[in-house]
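Topology and contacts: notes
What follows is the residue order along each chain.
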Amino acid sequence: MKDKAYQAYSQFFASIVEQDNCAVVICNMEHEIIYMNPAAVKNYEKHGGERLVGASIFGCHNERSSERIRKVTEWFAQSPAHNRVHTFFHEKQNKDVYMIALRDTSGKLIGYYEKHEFRTRDNTPFYEMGENF
């Protein structure tokens, strides 16, 4: 039943990630970038943007960061309960960055992604839709 539900809702899950204003970079267990949402492509444009898909995540990080990525993924693999690690706070952009485990329906680790959570209040007017509202 769970597999059927995931299949039925996969287009909705994909749309959530595609529409997110925060960068989402997904890697497989070979540490290859397999997906970047539009926000990530724009955010990492100076580093290659969409051309990063298919590349090793280690090409985008120094040796210290690469070792930390390896250690986090090893920790993720130790237990299905190990799913989120706070990796960085970006002072200038007022955001926290996390590594999040990705698991299949059986709980097996299949990859990970980078999640950005901004702390700055969004001052966009509520229900701002132009003249249509």
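For the structure given in this document, a descriptive report is provided here. (Residues numbered from 1 in each chain as written. Predicted model: local features only at pLDDT ≥ 70, side-chain atom pairs only at ≥ 80, totals over all residues. Heavy atoms only, no water.)

1. A short note on the overall build of the protein chain
Helix and strand counts for the protein chain stand at three helices and five strands. In the protein chain, the succession of helices and strands from N to C terminus is α-β-β-α-α-β-β-β. By residue count, 30% of the 133 residues in the protein chain fall in the buried class. Accessible area for the protein chain stands at about 9,700 Å²; split by element, carbon and sulfur atoms hold 53% of it. Looking at charge distribution, the protein chain has the averaged site of its 17 positive side-chain charges lying 5 Å from that of its 18 negative ones. (Helix = DSSP H or I, 4+ residues; strand = E, 2+ residues; numbered from the N terminus. Buried < 20%, exposed > 50% of the residue type's maximum accessible area, 1.4 Å probe, protein only. Areas by Shrake-Rupley, 256 points an atom, 1.4 Å probe, with all protein chains shown as cover. Lys, Arg positive; Asp, Glu negative; His and termini not counted. Charge placed at Lys NZ, Arg CZ, Asp CG, Glu CD.)

2. Side note on the packing of aromatic side chains
What the rule picks out here adds up to two aromatic pairs. Centroid distance W75 to F76: 5.9 Å. Interplanar angle 45 degrees. Geometry classified as tilted. The class for W75 is partly exposed, based on a relative accessible area of 30%. The lysine or arginine in question, R84, covers the ring of Y98, its NZ or CZ lying 3.8 Å from the ring centre. (Phe/Tyr/Trp six-rings, centres within 6.5 Å; stacked < 30°, edge-to-face > 60°. Lys NZ or Arg CZ within 6 Å of the ring centre and 35° of its normal.)

3. A word on the environment of H116
Position of H116 relative to the elements: it lies in strand β5 (residues 109–118). The spacing of H116 and E45 is 71 residues in sequence and 17 Å in space, taken between C-alpha atoms. The contacts of H116, once residues within four sequence positions are left out, are C22, A23, Y44, K95, D96 and V97. Side chain to side chain, H116 and K95 meet in a polar contact 2.7 Å long. In this structure the side chain of H116 is engaged in a polar contact, spanning 2.9 Å, whose partner is the side chain of E114. (Contact = heavy atoms within 4.5 Å. Polar contact = N/O pair within 3.5 Å; in protein donor to acceptor, adjacent residues only side chain to side chain.)

4. Examining unusual backbone geometry
Located in the positive-phi region is H31, a residue other than glycine, with phi close to 65 degrees. By the secondary structure assignment, H31 is in the loop between β1 (24–28) and β2 (33–36). Judged by its relative accessible area of 12%, H31 is buried. Phi angles above zero are rare outside glycine, and N94 is one such case at about 50 degrees. Relative to the assigned elements, N94 resides in the loop between β3 (84–90) and β4 (95–103). For N94, a relative accessible area of 26% translates into the label partly exposed.

5. Quick notes on the pattern of salt bridges
Two side chains with opposite charge may pair up if their charged atoms get near one another. Enumeration according to the criterion identifies five salt bridges in this entry. R119 is the salt-bridge partner of D96, the closest N and O atoms lying 2.7 Å from each other. Within this pair, whereas D96 is found in strand β4, its partner R119 is found in the segment after β5, the two being separated by 23 residues in sequence. Judged by its relative accessible area of 8%, D96 is buried. We classify R119 as partly exposed; its relative accessible area is 40%. Overlapping salt bridges, with partners in common, bring together R84, D96, K115, E117 and R119 in one network. (Salt bridge = Lys/Arg side-chain N within 4 Å of Asp/Glu carboxyl O.)

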